[in-house]
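The primary structure of each chain is shown beneath.
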Amino acid sequence: MQHISESVFVGLCDIVGTLQQVTFRRESRDIKEMVDRRITPYNAFITMTSGSRREGFRLKGSDLDVMYWPNNHRVIMDMSQSEYYNTANTILILSDNFESLPGFTLLQLLTPKTNRDIYSALVRMNDRVYISSSIFRHLTCSKIYPNSTVHGPCGSGVLGIIEYDHAYCFVCDFWPSSASSWIDRCHSWPSPEVVHDIVRNGCHFVAIGHPLGIHENEEWRISFSQAEYKLVYSMNHCQFLTYGLLKIFLKEVIDQQSEETSKLLCSYHMKTTAFWVIQNNTLPYWCPQNLLTGFWVCFKLLLKWVYKGICPNFFIPQNNMFLTKVYGPAQNRLFLQLHELYKKGLACLLQSSSIRSYIIDVLYKPRLFICTNQRHTFSEVRHDIELASESDVNLFSPQTRLTKAIQTVEQLVELPLTHYQALTLQRLTVAIFQNLAFITSNKYTNTGVNKQMYIADKMSCHMLKLATKLGCVSDVLYIAMYYYKTLRYREALSVLEMTKVKLAQPYLMYSACERVDRQRYTEAVGGQSWSTKMRQAVADDIVLHYDICYISELIPEQQSAIQNTEAILVIPVFLMVHFLDCLCYRHIDATLSQAALDELQVLVHHDQGMYITYLRRDISWEILGICQQITGNLQAALYSYQQSLTQYPANGIQTATHMRIRDVVSQLNN
């Protein structure tokens, strides 16, 4: 049994992630949100990633869970807590759970002024004004992505191949009294430091009422999403992998038993099971040899809960999460199905397509040596692919926040940062330099004061060159964009030729497509620092923010993106090279400009995901159309714009595309 456990442990490290992988996923996300919160104005919305991705999972089919709340709104538990806030700039909301079931509450608005969505969701009950969760949920469902559908308290949908759940909510700086018993239970796990951190960070309220509540449409549920990811962080890696195994077991085994019962249990029930088992100290020693024992203890507790029809919330046990869901005939059928799996013992895991082979390998080769040292199960190249993806930073900051971002980075670098936090801050610094360079140039271009323009130009060039020393291969393209914008076409082409050489290297890692020749990459940069690898061998897509002019030809697309709630345009790096080639040569050599356009056309028409990902097809066809329209090939441009509209609208440029189509049709008719 211990030998099989070790094999499954190694397999889960491959499927779920090693300790090293999970650590940099978490630390990278944490530092990004730390910066984001520090630079977010008091009257704006705070963003927090939650759920599986925040916990460190990257399982196929996992949702992207994000919570949003107004920074200047605060929920208080009683009126005495109002003294902690400046009511001149803070809108207070009172939690009123007198008539609500455990874990739910009404939210009474205490301050008359508030934002439009909240004002529209107000209802009057007993001469008091409350925020209706059902109305608020309806108003905010599609606020981030249009045409989202209501799923629990969230707006839900699919972005490309990723399912998302976005929840608008409210934050409370205080720990709810209904969850005070949880603090008293924390004797062995989690540690006092973790308990203190969780309690001092309070909770959230999400827009959904209890199905049996007398005010279901007005009630809000207390959310412990922040506490939960901190609890998952405090698990050791064997405990985390056991939780991962429960998620896999639910998806690949339990949900496959019957379509009728496949939606009764969810990942949250698995997480709750793991929390209770760890805290109750049922298994004293969590290690690779005991992984399956830990899994079995969790499964037995889940089976007991289904039998009783009671799944106690980890923070508020009086809140039975099976109520209205796992009861009656459906509960009986689910119990019988789980009991059949239980009778098979751990052999029931053979029904999992992901886990089966790791068990069979040991059964057929009982003397097989298994190394549970995770450093030996994780290749350098795979580490770098994920590091490039996880440390990537899209600085969603208007111009006014960049100065605050610089100050924040300066403060953070003085702190004792982990290796992965420092790498993420490095990528953030690159983005800041690039954006500031264009902002500085745009600010002084039209002043007419030559000295100011000269100084601004020197500063912009210096920042862009600094960014290339800290960034990756593709960051050099920002210099080429800047030279094009400032009419230095030959300098831009010189940078482009240098960039083409680097992008053509056989060892290049194109992180957007996770494409790399592993052997050549290792031979070229293996063993070197991540900074060196980025400068020499890593390329990423180009990010353009909606409020900064980089290339005037793309201003309509940027304006369209912000109208469609997209703050950035993301352009494939190889496409950007040909785009700039075409634009620059147009001012120097018509023949070479046409040759660049031909190369761009071949790339867009024939790429099969090697250089242009699925989510970048809309902007790729758009850019091809722009170049064709500029050179006078209107029929080809019309076709390209029409193709852009048929792609998944990831960049939110449809408004600009329709405008360009009207323009081309008008030219053709004239």
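Attention here is on the structure that accompanies the text. (Residues numbered from 1 in each chain as written. Predicted model: local features only at pLDDT ≥ 70, side-chain atom pairs only at ≥ 80, totals over all residues. Heavy atoms only, no water.)

The full count for this structure, using the stated rule, is 26 salt bridges. A salt bridge links K271 to E228; its shortest N-O distance comes to 3.3 Å. You can see K271 sitting in helix 10 (residues 267-279) and its partner E228 sitting in helix 8 (residues 225-233), a full 43 residues away along the chain. Per residue, the accessibility class of K271 equals that of E228, and both read buried. (Salt bridge = Lys/Arg side-chain N within 4 Å of Asp/Glu carboxyl O. Helix = DSSP H or I, 4+ residues; strand = E, 2+ residues; numbered from the N terminus. Buried < 20%, exposed > 50% of the residue type's maximum accessible area, 1.4 Å probe, protein only.)

Scanning the entire structure with this criterion turns up 35 aromatic pairs. Relative to Y164, the ring of Y145 lies with its centre 4.9 Å away and its plane at 45 degrees, an arrangement referred to as tilted. Linking Y145 in the loop between helix 5 (133-140) and strand 8 (149-151) with Y164 in strand 10 (residues 162-172), this pair joins segments that are 19 residues apart in sequence. Between F574 and Y611, the ring centres sit 4.6 Å apart and the planes meet at 65 degrees, which makes this aromatic pair edge-to-face. Here the residue F574 occupies a position in helix 23 (residues 573-585), and Y611 occupies one in the loop between helix 24 (590-606) and helix 25 (617-630), the gap between them amounting to 37 residues. The class of F574 is buried, set by a relative accessible area of 12%. Taking the relative accessible area as the measure of exposure, Y611 reaches 26% and is therefore partly exposed. For R26, the ring lying beneath its charged end belongs to F240, and the centroid distance is 4.8 Å. The ring of F314 has R185 sitting right over it, with the charged end atom 5.1 Å from the ring centre. (Phe/Tyr/Trp six-rings, centres within 6.5 Å; stacked < 30°, edge-to-face > 60°. Lys NZ or Arg CZ within 6 Å of the ring centre and 35° of its normal.)

It is worth spelling out a nonpolar patch on the surface at this point. A cluster of nonpolar residues, L101, L212 and L323, forms a patch on the protein surface that exposes about 250 Å² of accessible area. Within the secondary structure, L212 is located in the loop between strand 11 (203-206) and strand 12 (220-223). A relative accessible area of 53% places L212 in the exposed class. (Patch = residues over 30% accessible without salt bridge, like charges linked within 9 Å, V, L, I, M, F, W, Y side chains within 5 Å. Areas by Shrake-Rupley, 256 points an atom, 1.4 Å probe, with all protein chains shown as cover.)

Right, let's get into the layout of surface pockets. Estimated volume of the second largest pocket: approximately 700 Å³. Along its surface, the second largest pocket is lined by 25 residues, and R37, R54, Q226, Y229 and K230 are the ones closest to its centre. Contributions of two or more residues to the lining of the second largest pocket are made by helix 2 (19-39), helix 7 (192-200) and helix 8. In terms of residue count, the dominant contributor to the lining of the second largest pocket is helix 2 (8 residues). The class makeup of the residues in the lining of the second largest pocket is 6 nonpolar, 7 polar and 12 charged. (1 Å grid on protein atoms, 1.4 Å probe; cavity = no way out; pocket = protein on both sides within 12 Å on 5 of 7 lines; lining within 4 Å. Points joined across faces, edges and corners; volume = space filled by probe spheres on them. Nonpolar A, V, L, I, M, F, W, Y, C, P; charged D, E, K, R; others polar.)

Our next topic: the pairing of strand 9 (residues 154-159). Relative to strand 9, strand 8 runs antiparallel, the two being bridged by 3 bridges. Across the sheet, the residue bridging to H151 is C154, located in strand 9. The pairing of strand 9 with strand 10 spans 5 bridges and is classified as antiparallel. Bridge assignment links S156 to a residue of strand 10, and that residue is D165. Hairpin remark: strand 9 followed by strand 10, antiparallel, with 2 residues in the connecting loop; positive phi at G160, about 70 degrees. (Pairing = 2+ DSSP bridges.)

On to empty space enclosed by the protein. Sizing a probe to match a water molecule and rolling it over the atoms shows the empty space that remains. Overall, the coordinates contain 2 cavities of 30 Å³ or more when judged by the stated rule. One number sums up the size of the largest cavity: a volume of about 40 Å³. Around the largest cavity sit E228, Y268, K271, T272, F275, N313, F314, F315 and M321, which together line it. Of the residues belonging to the lining of the largest cavity, the class tally is 5 nonpolar, 2 polar and 2 charged. If you add up the space inside the second largest cavity, you get close to 30 Å³. As for the second largest cavity, its lining consists of F45, P70, N115, D117, I118, F136, T140, Y168 and F170.

Let us look at the environment of L291. As for its position among the elements, L291 is in helix 11 (residues 291-308). Between the C-alpha atoms of L291 and L241, which are 50 residues apart in sequence, the distance is 8.0 Å. The residues contacting L291, other than those within four sequence positions of it, are S5, V8, F9, L12, C238, L241, T242 and L245. (Contact = heavy atoms within 4.5 Å.)

Residue W189 is joined to P190 through a cis peptide bond whose omega torsion reads -5 degrees. Its location among the elements puts P190 in the loop between helix 6 (180-185) and helix 7. Positive phi, normally seen in glycine, also occurs at N281, with a value near 60 degrees. Within the secondary structure, N281 is located in the loop between helix 10 and helix 11.

In short, the description is geometric, and any link to function would need to be established separately.
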